[in-house]
Amino acid sequence: MANNVDQPTVDAAVNGAARFTPEEVENLNTRFAGAHPVDMGRWAAETFGRGLVMTSSFGAESMCAIHMMISAMPDIPILFVNTGYLFPQTLAFMEQMRRRYNLNVLEYHTFNDPVVWLTVNGEPDPRRRNNVDACCAANKNEVFDRAMRELAPAAWIRGVRAHQSDHRSKMKVVEYSRRVNAWAISPLLGWSHRQIFDYMKQHQLPHHPMWELGYVSIGCNPETCTRPIGMEDDHRSGRWAGLDKKECGIHLDQGAGI
Ligand code: SF4
């Protein structure tokens, strides 16, 4: 699979995003190798200012990245994609965190009615998806792309970590995303599950309520999309279990179809 990021050419980028040469990007990634994510977040806030947004699924460990970024920019816009198939616990958790930390959450919804979409697309059992790529394309990626077009950020903070998948292991902390037409910044890329746990404990940050039930990576509610896992399992193994699919598509440059 091709890396999702290319270096920008001066005429390829808008939103003021082409402010680094490839050499400068390389220097930044060298500088950030082993740096603390909080320092990367501060750099992003100082560098991009109002042009900065972050995405969050309000999943198991999402409060780690959110806490780091609101420390640097308290009102950073937090894009939350609502597919129509999220767990009620996720919606409740998002709302609880939004109020407790005064978060600037921008919730974008699928255009589709969740029940009608299943009926029209030959999905008779709401607990399963026969065609996960079609569902992710219609209800997650379309929403994400629409939101990013409207927000038109200069840079996007994302919570990916290198150990989560082969695709993510090839990412750099600072990359240019042609899909979003903005810089993609990944402060937590090099962090382990343990480091995140310790940070959350130190700052008394809550996990998603289903985390204690073995849901360590939480997406949508069909059992084909999110399952609890055992202590020894890979942390992403509960997502689309049994399928080759490892990404919803948001972190790929051409959507869910690849
Ligand atoms: S994760 Fe599952 S329910 Fe959610 S959009 Fe993708 S296929 Fe649909």
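Just so we're clear, the structure is a prediction, and the values are computed from it rather than from any experiment.

Draft legend 1. Layout of the overall build of the protein chain. The helix and strand inventory of the protein chain stands at eight helices and six strands. Seen in sequence order, the protein chain has helices and strands lined up from the N terminus as α-α-β-α-β-α-β-α-α-β-α-β-β-α. A burial count over the protein chain gives 53% of its 258 residues as buried. Considering only contacts within the protein chain whose residues lie at least 6 apart along the sequence, 71% involve residues at least 24 apart.

Draft legend 2. Local environment of the side chain of Ser62. Looking at the element boundaries, Ser62 is found in helix H3 (residues 62–72). Reaching out from Ser62, the side chain makes a polar contact with the backbone nitrogen of Gly59 at a distance of 2.7 Å. Dropping the residues within four chain positions of it, Ser62 is found in contact with Ser56 and Ser57.

Draft legend 3. Here's a closer look at the nonpolar core. In terms of nonpolar packing, the biggest core is built from 54 residues, with Trp43, Phe48, Leu52, Phe58, Val174 and Trp183 touching the most fellow members. Considering each element in turn, this core owes the most residues, seven residues, to H3.

Draft legend 4. Geometry of the packing of aromatic side chains. This model, assessed by the stated rule, comprises eleven aromatic pairs. On the numbers, 5.8 Å between centres and 90° between planes, the contact of Trp43 with Phe48 is edge-to-face. Residues Trp43 and Phe48 agree in their burial class; the two are buried. Within the aromatic cluster, the residues linked to one another by ring pairs are Phe20, Phe32, Trp43, Phe48, Tyr176 and Trp183. One residue, Arg146, lies across the ring of Phe111, its end atom 3.6 Å from the ring centre. Note that Arg158 overlies the ring of Trp156, its terminal NZ or CZ placed 5.2 Å from the centroid.

Draft legend 5. The arrangement of the site of the ligand in detail. Lining the immediate surroundings of the ligand are ten residues, of which Val132, Cys135, Cys136, Cys220 and Cys225 lie closest. Considered class by class, the residues forming the shell around the ligand number eight nonpolar, no polar and two charged.

Draft legend 6. Molecular detail of unusual backbone geometry. In this structure, Asn102 takes a positive phi of about 55° despite not being glycine. Tracing the backbone shows Asn102 in the loop between helix H4 (88–100) and strand E3 (104–109). Look at Asn102 and you get exposed, because its relative accessible area is 64%. A positive phi is found at Asn181, a non-glycine position, where the angle reads about 60°.

Draft legend 7. Spotlight on the confidence of the model for the protein chain. Looking at the protein chain as a whole, its pLDDT mean stands at 86, while 82% of the residues score no less than 70. Within the model, the stretch residues 1–16 combines pLDDT values under 50 with 41 contacts to residues more than four positions away or in other chains. Overall, residues 254–258 carries pLDDT values under 50, and its contacts beyond four positions in sequence, including any with other chains, amount to 13 contacts.

Draft legend 8. Representation of H4 in the model. Between its terminal C-alpha atoms H4 stretches 18 Å, which fits the 18 Å expected from 13 residues at 1.5 Å a residue. Among the residues of H4, Thr90, Phe93, Met94 and Met97 are the ones counted as buried. Within H4, the buried residues cover an arc of 100° as seen down the axis, which keeps them to one side. Turned more than 90 degrees off the buried face of H4, the exposed positions are Pro88 and Arg99. Check the buried side of H4 and you find it contacts H3, strand E2 (77–82) and E3. In the segment just after H4, Asn102 is the residue with positive phi, at about 55°.

Draft legend 9. Seen up close, the packing of H3 against helix H8 (residues 193–202). H8 packs onto H3 with a crossing angle of 60° between their chain directions and a minimal axis gap of 9 Å. When the axes of H3 and H8 are compared, the pair comes out oblique. Crossing geometry of H3 relative to H8 is assigned as left-handed. From H3, Met63, Cys64, His67 and Met68 reach across to H8, where they touch Ile196, Tyr199 and Met200.

Draft legend 10. Layout of the packing of helix H2 (residues 37–48) against H3. Viewed as axis vectors pointing N to C, H2 and H3 meet at an angle of 45°, and their least axial separation amounts to 8 Å. By the angle between their axes, H2 is oblique relative to H3. Viewed along their axes, H2 and H3 form a crossing whose handedness is right-handed. Between H2 and H3, the residues in contact are Pro37, Val38, Gly41, Arg42 and Ala45 and Met68, Met69 and Ala72, respectively. Of the residues assigned to the contact of H2 with H3, the class counts are six nonpolar, one polar and one charged.

What counts as what
Residues numbered from 1 in each chain as written. Predicted model: local features only at pLDDT ≥ 70, side-chain atom pairs only at ≥ 80, totals over all residues. Heavy atoms only, no water. Helix = DSSP H or I, 4+ residues; strand = E, 2+ residues; numbered from the N terminus. Buried < 20%, exposed > 50% of the residue type's maximum accessible area, 1.4 Å probe, protein only. Contact = heavy atoms within 4.5 Å. Polar contact = N/O pair within 3.5 Å; in protein donor to acceptor, adjacent residues only side chain to side chain. Core = buried A, V, L, I, M, F, W, Y, C linked by side-chain atoms within 4.5 Å. Phe/Tyr/Trp six-rings, centres within 6.5 Å; stacked < 30°, edge-to-face > 60°. Lys NZ or Arg CZ within 6 Å of the ring centre and 35° of its normal. Near = heavy atom within 4 Å. Nonpolar A, V, L, I, M, F, W, Y, C, P; charged D, E, K, R; others polar. pLDDT = per-residue confidence, 0-100. Expected span 1.5 Å × (residues − 1). Arc of directions from axis to C-beta. Axes fitted to C-alpha atoms, helices over the stretch in contact; angles between N-to-C directions. Parallel < 35°, antiparallel > 145°, perpendicular 65-115°, else oblique. Left-handed = near helix turned anticlockwise from the far one by under 90°.

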